[in-house]
Amino acid sequence: MSNTSSPKKTAWSWRSQAFRGIIYQLLAIGAVVLAIWFLASNTMHNMQVRGIQSGFDFLGDPAGFDIGESLYPFDSSSPYWNAFLVGVLNTLRVAILGIILTTLIGTLIGVGRFSRNALVRGLCYGYVELFRNVPILLQLLMWYLLLTDALPFVTEALQVGHIFLAKGGLVFPKPIWEIGHLFGALGLVAGAILGVAYRRWGYRKFEQTGQLRSMFWVPVGIFVVAGVLGWAAAGAPADFDFPAKGDFSIEGGGALTPEFLAVLLGLTLYTAAFVAEVVRSGIQSVAHGQNEAAAALGLNPGHVMRLVTLPQALRVIIPPLTNQYLNLTKNSSLAVAIGYPDVVSIANTSLNQTGRAVEAIAIVMLVYLTTSLATSLFMNWYNARSAIKER
Amino acid sequence: MAMNENTAQTFQPIAARKAPTATEGPVAWVRINLFGDWTTALMTLLVGAVLLWMLPQVLSWAVFRAAWAPDYEACRVDGVGACWGVVAEKYRIIVLGRYPFEEQWRPVVATSLLLFMLVGSCTRAFWKLWVLPAWVAALVIYFTLMYGNVLGLEKVETDRWGGLPLTILLASLSMMLAFPIAMVVALGRRSNLPAIRTVCTVYVELVRGVPLISVLFMASFMFPLFMPVGFSIDVLVRVIIGITLFAAAYMAEVIRGGLQAIPKGQIEAAATLGLSYWQTQRKIVLPQALAMVVPSIMNNFISLFKDTSLVTIVSLYELTGALSLALNSDANWRPFKIEGYLFIALIYFAFCFSMSRYSIWVEKQANKGRMR
């Protein structure tokens, strides 16, 4: 690093930096290869001695255990790879929902720390300090205990409208799928295309004539109206599967298990504290003069926020925000502690049943590596889009 | 003008302006911060109402109706709030784990020594060279006290260590071991030699891509498979190795951030003076880079401290695990687990919050030179 003027011809002498570099690299590669060979040969030998079978062929065998919740039908005769798939889907479900919720809550709290109201400021500060200084595992355990212990039994479930909350989890009305919903969805798609087209047209007009049109509410209106029209055209189906209180359980409706709720709540509230700090530092990083200059140009406060402050704050916010998303996804692995069947928990069960530790842990690591890399690729793309444009 | 004719008219001052509204003092603070304009006032009323409704209930549960005596019958009476008796009854198991009861003075003394060294090392008075031998001596005393088997101390196997001492040991020891690894890896990632750069990058990205829990599973299930037959290491050591390798990857990224912030001119100037690569790093780059990243390293340490709670999943009884140990087997006290959780949450909070305050102080110290 200190010397960039490498000699033109590699001299075969210890005094040549290039030569030394080659030797160092060979040593490093050699050490790594040796270490891997050492570990691998030990593992092979140990497995032979202990009679442990290896290989991924067990993935085709029937799993032999049931999974509490899964997004698609699964029973104990399904093969292992199916069980792993259920686990991956459960992980992704809680991670994606968690990322969306934590972004909303975290942003609200981060912005709340700039409130003119001292009470709101203080509460947001208290929230951040309280939630980020207690381990996530402990928070998950506490939420799970609250949801399973402190809530009433199913027969005396708390009820708000058609939503029930009890030891068995949360039960809510679920719309009954009909073809009309598909029309509604198609309407939304058409609305989205129309909305984008309107925005394009609006920009062109603005550049030609200087007339400013509503760039947010009109496209949103087009989007919503198109969706409602599509739904209404198909006869406006609005049947819900309402849950009803039976003798021993609550029947019908959609349900969320206490495990899922605990993991989601714990991850969301914990990560929101970190996201709030990220948002706060991002907004603070925009120089005050920027706001004043924008106001001097006659932009209203909404425009100042949207056109001046946010684009600059986002540059600072996005890289650490990506880290928080990745942390949330990785922390979802702690679900194993409260029995939510995520991929780690499934791998753990499979490991205990088949004894294939190497394979099970390799699958877990592969799943998380893929998710992490995919998330960071997406966020890097978004980051590049919002990065400063320099000539 | 009319004034000249009417000589009898005396000078009439206009009415004095009202005194400017105070901008200091508690009344002014309340007016500006709580009732600045009508949205703020509305918000104050709303939030205040919710707080006024909730706080009495929380206080009544946690303080006024709480049962403080270590007596589980008293906790089961209807209308009793929090049962802090569970803490009064079980605090020794929660805080010290399964360490033999009569010997529990040993982890207390040893951990106090460790804490003294940790807190001391955070102050300016300790930032001297003699702190290194002092640390070595402290660690030797620590392990002698904890493990025993010499000087007439009873031997206590590591699987009986637990509670807060284990939490502090895991966090501080892994951090100390991770630091040199992280420094080498951070330098390696910025090296000119492609092979070394690749090895370091792959290591960092691989470790940062997987959750700590899978690293711990690996340390507890797969490590025995990796080693030659007949070679076995204590599970505590395996877990410390796992956490160290995990923490090192994160710390390496932090240190790399500091290295990147050093202007290139510094390195070029060092090269002009004829310093070698290692001399440049040791005398020019690292002192500046490390001073810059101390607050981030502190944050790393805080998250590591919290992450030690995961070792309970691989059956080491640190603070979180010790609580389950204390309450799961005791049907009388099991219903009051939430109070136990709140108690250890308070311990974690006290540690992490004071560390984050310290990190803010260090940041101010480090920036002093720039704030002339």
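Residues numbered from 1 in each chain as written. Chains lettered and ligands numbered in written order. Predicted model: local features only at pLDDT ≥ 70, side-chain atom pairs only at ≥ 80, totals over all residues.

When helices and strands are counted, chain B shows 15 helices and zero strands. In terms of overall size, chain B is more extended than a compact globule, its C-alpha atoms giving a radius of gyration of 30 Å where 372 residues would be expected to give roughly 21 Å. For chain B, the C-alpha atoms occupy an extent of roughly 120 × 80 × 40 Å along the three principal directions. Evaluated residue by residue, chain B yields a buried proportion of 31% over its 372 residues. Partitioning the contacts of chain B with sequence separation of at least 6, the portion at a separation of at least 24 is 67%. (Helix = DSSP H or I, 4+ residues; strand = E, 2+ residues; numbered from the N terminus. Rg over C-alpha atoms; globule rule 2.2 N^0.38 Å. Buried ≥ 20, exposed ≤ 12 C-beta atoms within 10 Å, placed from the backbone. Contact = placed C-beta atoms within 7 Å.)

What chain A contains, in helices and strands, is eleven helices and eight strands. Relative to a compact globule of 391 residues, whose C-alpha radius of gyration would be 21 Å, chain A shows 28 Å and is clearly more extended. Referenced to the eigenvectors of the C-alpha coordinate spread, the extents of chain A come out at roughly 75 × 70 × 45 Å. When burial is assessed residue by residue, chain A has 31% of its 391 residues classed as buried. Taking all contacts inside chain A whose residues are at least 6 apart in sequence as the whole, residues at least 24 apart take part in 67%.

Residue and element names in this part refer to chain B. As a packed pair, helix 6 (residues 105-121) and helix 8 (residues 163-189) sit with axes 10 Å apart at the nearest point and diverge in direction by 35°. Remark: the crossing between helix 6 and helix 8 carries left-handed chirality. On helix 8, the residues that touch Pro-107, Ala-110, Thr-111, Leu-114, Leu-115 and Leu-118 of helix 6 are Leu-164, Pro-165, Ile-168 and Ser-172. (Axes fitted to C-alpha atoms, helices over the stretch in contact; angles between N-to-C directions. Left-handed = near helix turned anticlockwise from the far one by under 90°.)

A few words on the interface of chain B and chain A. Counting residues at the interface gives 48 residues for chain B and 46 residues for chain A. The set of elements that each furnish at least two residues to the side of chain B that touches chain A consists of helix 2 (26-34), helix 3 (38-64), helix 9 (194-209), helix 10 (212-226), helix 12 (264-272), helix 13 (277-307) and helix 15 (337-367) of chain B. Of all the elements, helix 15 of chain B adds the most residues to the side of chain B that touches chain A, at nine residues. When its residues are assigned to classes, the side of chain B that touches chain A shows 33 nonpolar, twelve polar and three charged. (Nonpolar A, V, L, I, M, F, W, Y, C, P; charged D, E, K, R; others polar.)

All names here are of chain A. If you trace the four strands from one edge of the open sheet to the other, you get 1-2-3-8, paired in antiparallel fashion. At either end of the open sheet lies a strand with only one pairing partner, and these are strand 1 (158-160) and strand 8 (254-256). Each strand of the sheet is rotated relative to its neighbour by a mean of 15°, with strand direction disregarded. Two elements, strand 3 (residues 169-172) and strand 8, share three bridges in a ladder whose sense is antiparallel. Following the sheet pairing, Phe-172 is matched in strand 8 by Gly-254. (Pairing = 2+ DSSP bridges.)

What follows concerns the pairing of strand 2 (residues 163-166) of chain A. Residue and element names in this part refer to chain A. As defined by bridge partners, strand 1 adjoins strand 2 across three bridges and the pair is classed as antiparallel. Along strand 2, the bridge assignment pairs Val-160 with Ile-163. In textbook terms, the turn of a hairpin is the stretch between consecutive antiparallel strands, and for strand 1 and strand 2 this stretch comprises two residues, one of which, Gly-161, has a positive phi near 60°. In this structure, strand 2 lies alongside strand 3, joined through three bridges in antiparallel fashion. Looking at the pairing, Ala-166 lines up with Gly-169 of strand 3. Where strand 2 folds back onto strand 3 in an antiparallel hairpin, the turn is made up of two residues.

Moving on, we get to the environment of Arg-65 of chain B. Along the polypeptide, Arg-65 of chain B turns up in the loop between helix 3 and helix 4 (72-75). Separated by 16 residues in sequence, Arg-65 of chain B and Gly-81 of chain B place their C-alpha atoms 4.8 Å apart.

What follows concerns helix 8 of chain B. All names here are of chain B. In this model, helix 8 (27 residues) spans 37 Å end to end at C-alpha, consistent with the 39 Å of a helix rising 1.5 Å per residue. The principal kink in helix 8, of about 30°, is found at Phe-179, preceding the proline Pro-180 by one to four residues. The element helix 8 is largely enclosed, with a buried count of 19 among its 27 residues. (Expected span 1.5 Å × (residues − 1). Bend = angle between axes of the 7 residues up to and from the residue.)

The next thing to look at is the environment of Gln-284 of chain A. In this structure, Gln-284 of chain A sits in helix 7 (residues 258-285). The spatial distance from the C-alpha of Gln-284 of chain A to the C-alpha of Thr-309 of chain A is 9.7 Å, given a sequence separation of 25 residues.

Residues and elements named next belong to chain B. Packing of helix 11 (residues 235-260) against helix 13 leaves a shortest axis separation of 8 Å and a crossing angle of 145°. Considering only the axes of helix 11 and helix 13, their crossing is right-handed. Taking contact as the criterion, the partners of Ala-247, Tyr-250, Met-251, Val-254, Ile-255, Gly-257, Gly-258 and Leu-259 in helix 11 are, on helix 13, Val-285, Ala-289, Leu-290, Met-292, Val-293, Ser-296, Ile-297, Asn-300 and Leu-304.

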